[in-house]
2 protein chains.
Amino acid sequence: MIMERLRATRRLLNYSPKSFFAPRSHPNSSEHSICRSASGFAHWGRYSEHQKRRFGGTVWDPLGIGLGKASTIQCRYFGSVAAKIQRDPSFSPLNSDDISYFKGILGEKNVIQDEDRLAFANTDWMRKYKGSSKLLLLPRSTEEVSRVLKYCNSRRLAVVPQGGNTGLVGGSVPVFDEVIINMSSMNNIISFDKVSGILVSEAGCILENLVSFLDNQGFIMPLDLGAKGSCQIGGNVSTNAGGLRLVRYGSLHGNVLGIEAVLANGDVLDMLGTLRKDNTGYDLKHLFIGSEGSLGIVTKVSILSPPKLSSVNVAFLACKDYFSCQKLLLEAKRRLGEILSAFEFLDNESLDLVLNHLEGVRNPLPPSMHNFYVLIETTGSNESYDKEKLEAFLLRSMEGGLISDGVLAQDINQASSFWRIREGVAEALMKAGAVYKYDLSLPVEKMYNLVEEMRIKVGSSAKVIGYGHLGDGNLHLNVSTPQYDDMILAQIEPFVYEWTSKHHGSISAEHGLGLMKANKIFYSKSHKTVQLMASIKKLMDPNGILNPYKVLPHSISYSTV
Amino acid sequence: MIMERLRATRRLLNYSPKSFFAPRSHPNSSEHSICRSASGFAHWGRYSEHQKRRFGGTVWDPLGIGLGKASTIQCRYFGSVAAKIQRDPSFSPLNSDDISYFKGILGEKNVIQDEDRLAFANTDWMRKYKGSSKLLLLPRSTEEVSRVLKYCNSRRLAVVPQGGNTGLVGGSVPVFDEVIINMSSMNNIISFDKVSGILVSEAGCILENLVSFLDNQGFIMPLDLGAKGSCQIGGNVSTNAGGLRLVRYGSLHGNVLGIEAVLANGDVLDMLGTLRKDNTGYDLKHLFIGSEGSLGIVTKVSILSPPKLSSVNVAFLACKDYFSCQKLLLEAKRRLGEILSAFEFLDNESLDLVLNHLEGVRNPLPPSMHNFYVLIETTGSNESYDKEKLEAFLLRSMEGGLISDGVLAQDINQASSFWRIREGVAEALMKAGAVYKYDLSLPVEKMYNLVEEMRIKVGSSAKVIGYGHLGDGNLHLNVSTPQYDDMILAQIEPFVYEWTSKHHGSISAEHGLGLMKANKIFYSKSHKTVQLMASIKKLMDPNGILNPYKVLPHSISYSTV
């Protein structure tokens, strides 16, 4: 044991003076987009390309599922027994006068009725949900969004706001025939203040484009996620996207300084402040952060950008048990402090899957399997200080027995290969067969108990793996089986939600509720809180036209609140 | 010029190897509380002692103003022409049955009718606002708060929620005869999770007590302000308190993870999550952060605590012009990056006032006056790295001409003496005579233009000084005159609000609106936004019993929305 530790210690120290490497993220590198998916698939980063082609007429179907024709919701997999719901009869069907009216506002070419383009916009990224909208609108200004919504509200036409359509809970596609309002034509950067680091942009800007723009200015976006090549900032804000930088820069509730949003009746709320501090009344922008387009359509965003720091280091470590991972997190927070930028973990089963199913991925540690692996990233402003600090921390943790083994990346390729392991888990799971996926927030010390209890529950019929953003208390729990089986699902649900609720966790850490989890809300929110949500929805969107059937439980959203 | 720079450079370098000093803040040191007032007076830190004595019967009157008897609001100074408002006749007067009922819920000793104690609770910290409440209630649990509010709502008794009563805009005292619900008896720490750094406490915990508690655990509070010896965490959250750590840790919207609040009708909203990530529906806790007790009473708070870092450094620097200060801020963000924890500025006139009016304060720089002074603080986890990094930055800035002169604190006493200059400005202003105070957020590059324009406007009849949290874009603009004079006030207002509004600033960066600025809200918020605020107020507090006359403009709050 001691010999092993010493060997590992030597390896940790055995890197060249050139071992500093440049930042992992290069906005123009699709390879990097590919290997940085936080919770989705590795090819997310290429989605925008496919999307462009798709709008040009090519059908993209990487999973080979085919475009289903279901008119009610059928969750093919990924948990949740299919929830069949009915179209709300209070919504009007679309007629030719409506089309003419929209053409008058937006111009002929921004009123899309082409079947191929509609098929694409009706289908979510996972091919799990498919609506039957007959109309896609592409407004180019807040004024146009306002006029469209005012009309839809007066005509009781239901709408679904859509950004990059990269959501994972069915929030960004129609359920039935809702009019799709896609924001991609509102993609201008409005201003950037280099002194304060405050960026103002339209909602349809693709996250990666903002990243590139800021990179040239010496700044970064405070959020980063695998879908950045397709997702839009308005969608990020509307869904309160989490991602890889949350442990360092916090959530969008802290980083978004202002919002412009259009309400259901067409009223424009100008809350587009560009100030770090503003205590003049209720801060209503927070209502729009994470409400998934159900209270209004975000048209512009003001966001605080941190300065870009030059020094990034990545270590891939092995721990003998989950308690050591926890302890290591605590130590990392204290000793790495201000330079810690990621603390991710995966279990032995996760690594095993990645090594077995992904091409060209190898274990950077010697073949003996450990129980847990941790990826630590630091980002700071001084190469040599940061590296020395990380080394000292790693040596201390090794000596203290928290780390069983570990390697420190010596260049950007090694760093990318470490990230590839962590980020390849989702892709490996897809290749391994059927998978039931859960995105949960839990108290860190209890998080892994759920994985272990789930293993006992499903027995030998399925493989249970756990990985995720340990630094944020965010577990991605996955149950992998050769094929989908309702018997397995019945063993997982509602157990997984009940367990999460019992331990004061959240059934959706970063993906939102959308359609998938609207009816599961009571596992994470009290009845009184949901009732107040519903009252606010009723106040702000009395006809319920904005993204219906989503977020709020159907029992409440159909009743008069 | 070059000689001067070299001399300064030498001084910057000329400190002993022991020049690292311990963290500036020691929770048990009243001296530190004294010298850390962000925007109020130096003796704020001792307020809690006085408060205790006051509740014991001693009248505290440090400003020698005396307890006024005004039954309508009379702003004696500090801007804003007195706004005379009428008591809302829809509120019931208190009767003896009410008192009996409250005694039944809270017990005799928590229903306060003692005149001395009421006089204290009726008067705000600045002695600017004074109500005439006849009843102070001290609930000890959420259940008691709920029962009290449910009763008040049914009886239409107006209430004012009160924490440490350290607010500066008249938000925490009654305007007329509102029942005071003081939260100081709900002062238990409920839990602390050392792995995640998440603290859960009751709303009445004094900030400094939480700081001490966390200090023992190796953590800090993400907010720090001069009033910490008296202010309560529930009040901090309800007013979205800013303070000295905002530039590093961001606002409470990012740091507060959960809230328990009681609505006007007594309903308890349990949103006391202890998770960093939770995307299950609208994040309604944000409605309570900064709404100044007008939507509900915050009873418990869950907050993310950063780990305590051991290395703190402070530099006091001179700049030749405001542009250099701005440029220096940009450079500091980039080069000090993750260790920058404060960037404060004051002008020559501010330093002059401090040196002339405060005992024992001396200029750490040679006697030649510069135009601007900047205080930079860094906080990190490695003493030698941090100091070297700061030195390199200072030398570079000196060589580049951004800094004209400067000193780096060699021990905690020097650091405290630098902070004393910055934090002594408010106290010096009080000693200098009458003062009109404004707390504004402005784009950093335009901020000081207002000071210069104000100087032209008031001419030789008053002294205009500017200082504040440059790193946050928060200017404290003060106009100092020998005595109060409505002619001067007419030159300042509404000019100062109009100028701020024209430059997209905020008329209240961190103090809130309270009673003082309720009618000024339209300078910073659009009519549609204020209308939505009012609708939400009406939804959540239909009888308007919670902190009436505050936050919302009186034209709207008296009408049916």
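Keep in mind that what you see is a predicted model, and the values were worked out from it rather than measured.

Conventions adopted
- Residues numbered from 1 in each chain as written.
- Chains lettered and ligands numbered in written order.
- Predicted model: local features only at pLDDT ≥ 70, side-chain atom pairs only at ≥ 80, totals over all residues.
- Heavy atoms only, no water.
- Contact = heavy atoms within 4.5 Å.
- Buried area = accessible area lost by both parts, 1.4 Å probe.
- Salt bridge = Lys/Arg side-chain N within 4 Å of Asp/Glu carboxyl O.
- Helix = DSSP H or I, 4+ residues; strand = E, 2+ residues; numbered from the N terminus.
- Least-squares fit on C-alpha atoms with pLDDT ≥ 70 in both.
- Buried < 20%, exposed > 50% of the residue type's maximum accessible area, 1.4 Å probe, protein only.
- Pairing = 2+ DSSP bridges.
- Core = buried A, V, L, I, M, F, W, Y, C linked by side-chain atoms within 4.5 Å.
- Axes fitted to C-alpha atoms, helices over the stretch in contact; angles between N-to-C directions.
- Phe/Tyr/Trp six-rings, centres within 6.5 Å; stacked < 30°, edge-to-face > 60°.
- Lys NZ or Arg CZ within 6 Å of the ring centre and 35° of its normal.
- Parallel < 35°, antiparallel > 145°, perpendicular 65-115°, else oblique.
- Left-handed = near helix turned anticlockwise from the far one by under 90°.
- pLDDT = per-residue confidence, 0-100.

## Description of the interface of chain A and chain B
No. 1: Between chain A and chain B, the contact holds 92 residues from the first and 92 residues from the second.
No. 2: Summing the contributions of chain A and of chain B, the shared interface buries around 7200 Å²; its carbon and sulfur component is 58%.
No. 3: Counting the contacts that link chain A with chain B gives six salt bridges.
No. 4: A salt bridge links A:Asp267 to B:Lys528, with the shortest nitrogen-to-oxygen separation between them at 3.8 Å.
No. 5: When residues of the side of chain A that touches chain B are traced back to their parent elements, those giving at least two are α9 (246-249), α10 (252-255), β8 (268-271), α11 (285-288), α12 (322-335), α14 (383-399), α17 (444-458) and α20 (527-540) of chain A.
No. 6: Here the side of chain A that touches chain B takes nine residues from α20(A), the largest share from any one element.

## Comments concerning the relation of the copies chain A and chain B
No. 1: The transform that puts chain A on chain B rotates by 180° and translates by 0.0 Å along the axis, for an RMSD of 0.1 Å. What we have between these two chains is a two-fold relation. Among all C-alpha atoms of chain A, that of A:Gly254 lies closest to the rotation axis, at 2.1 Å.
No. 2: When the interface residues of chain A are mapped onto chain B, 100% of them are again interface residues, pointing to one common binding face.

## Notes on the environment of A:Ser201
All names here are of chain A.
No. 1: Mapped onto the fold, Ser201 is located in strand β6 (residues 198-202).
No. 2: Since its relative accessible area comes to 1%, Ser201 is described here as buried.
No. 3: For the pair formed by Ser201 and Leu246, sequence separation is 45 residues and the distance between their alpha carbons is 21 Å.
No. 4: Beyond its immediate sequence surroundings of up to four residues, Ser201 is in contact with Asn188, Ile189, Ile190, Leu210, Ile233, Lys300 and Val301.

## Some words on the pairing of strand β15 (residues 463-469) of chain B
Residue and element names in this part refer to chain B.
No. 1: Judged by how many residues are buried, β15 sits mostly within the fold: six of seven residues are covered.
No. 2: Relative to β15, strand β11 (residues 340-347) is paired through two bridges, and the arrangement is antiparallel. Following the sheet pairing, Leu346 is matched in β15 by Tyr467.

## What about the nonpolar core?
No. 1: Residues A:Phe288 and B:Phe288 are the most contacted members of the largest nonpolar core, which totals 256 residues.
No. 2: Sequence-distant contacts of B:Phe288, that is, excluding residues within four places in its chain, are made with B:Val237, B:Ser238, B:Ile259, B:Ala261, B:Leu263, B:Leu269, B:Met271, B:Leu295, B:Gly296, B:Val298 and B:Met540.

## What to know about the sheet that holds β8(A)
Residues and elements named next belong to chain A.
No. 1: Reading across from one edge, β5-β6-β9-β7-β8 is the order of the five strands in this open sheet, with antiparallel pairing throughout. Every interior strand has two partners, whereas the edge strands, β5 (189-193) and β8, have only one. With direction set aside, neighbouring strand axes in the sheet form an average angle of 10°.
No. 2: Direction of pairing for strand β7 (residues 256-262) relative to β8: antiparallel, over a ladder of four bridges.

## What to know about the packing of aromatic side chains
Residues and elements named next belong to chain A.
No. 1: Summed over the entire model, instances satisfying the criterion amount to 35 aromatic pairs over all chains.
No. 2: Look at Phe192 and Phe213: their rings are 6.0 Å apart centre to centre, the planes differ by 90°, and that puts the pair in the edge-to-face class. With Phe192 in strand β5 and Phe213 in helix α7 (residues 207-217), this pair connects stretches of sequence that are 21 residues apart.
No. 3: Taking relative accessible area as the criterion, Phe192 reaches 19% and is therefore assigned buried.
No. 4: A cation over an aromatic ring shows up here: Lys457 above the ring of Phe495, its NZ or CZ 5.1 Å from the ring centre.

## Quick look at the sheet that holds strand β6 (residues 198-202) of chain B
Residue and element names in this part refer to chain B.
No. 1: Across the sheet, five strands lie side by side as β5-β6-β9-β7-β8; this open sheet has antiparallel pairing. Only two strands of the sheet have a single neighbouring strand rather than two, namely β5 (189-193) and β8 (268-271). With strand direction ignored, the average angle separating the axes of adjacent strands in the sheet is 10°.
No. 2: Relative to strand β9 (residues 297-304), strand β7 (residues 256-262) is paired through six bridges, and the arrangement is antiparallel. Note that in β9 the partner of Ile259 across the bridge is Val301.

## Topic: the packing of helix α4 (residues 96-106) of chain B against helix α6 (residues 142-155) of chain B
All names here are of chain B.
No. 1: For the pair α4 and α6, interaxial distance at closest approach is 10 Å and the crossing angle is 165°. When the axes of α4 and α6 are compared, the pair comes out roughly antiparallel. The way α4 lies across α6 gives a crossing that is right-handed. Seen from α4, the contacting residues are Asp97, Asp98, Tyr101, Phe102, Ile105 and Leu106; seen from α6, they are Glu144, Arg147, Val148, Tyr151, Cys152 and Arg155.

## A few points about the confidence of the model for chain A
Residue and element names in this part refer to chain A.
No. 1: Looking at chain A, pLDDT values average 85 and 84% of them are 70 or higher.
No. 2: In the model, residues 1-82 has pLDDT below 50 throughout and makes 203 contacts with residues more than four positions away in sequence or in other chains.
No. 3: Two numbers describe this predicted complex: its pTM, 0.86, and its ipTM, 0.86.

## Concerning the pairing of strand β10 (residues 311-319) of chain B
All names here are of chain B.
No. 1: Counting buried positions over the nine residues of β10 gives nine, a clear majority of the element.
No. 2: Side chains of β10 alternate between two faces, with Ser311, Asn313, Ala315, Leu317 and Cys319 and Val312, Val314, Phe316 and Ala318 buried alike.
No. 3: The pairing of β10 with strand β12 (residues 372-380) spans nine bridges and is classified as antiparallel. For Leu317, the partnering residue across the bridge sits in β12 and is Val374.
No. 4: Judged from the four bridges that link them, β10 and strand β13 (residues 405-408) form a sheet pairing that is antiparallel. If you follow Ala318 over to β13, its bridge partner there is Asp405.

## Details of the pattern of salt bridges
Residues and elements named next belong to chain A.
No. 1: Evaluated as defined, the whole model comprises 40 salt bridges over all chains.
No. 2: Where Lys228 meets Asp224, a salt bridge forms, and the shortest distance between an N and an O atom there is 3.6 Å.
No. 3: Residue classification places Asp224 among the buried residues on the basis of a relative accessible area of 2%.
No. 4: The salt bridge involving Glu344 is made with Arg422; its shortest N-O contact spans 2.7 Å. Here Arg422 lies in helix α15 (residues 412-423) and Glu344 lies in strand β11 (residues 340-347), a separation of 78 residues in the sequence.

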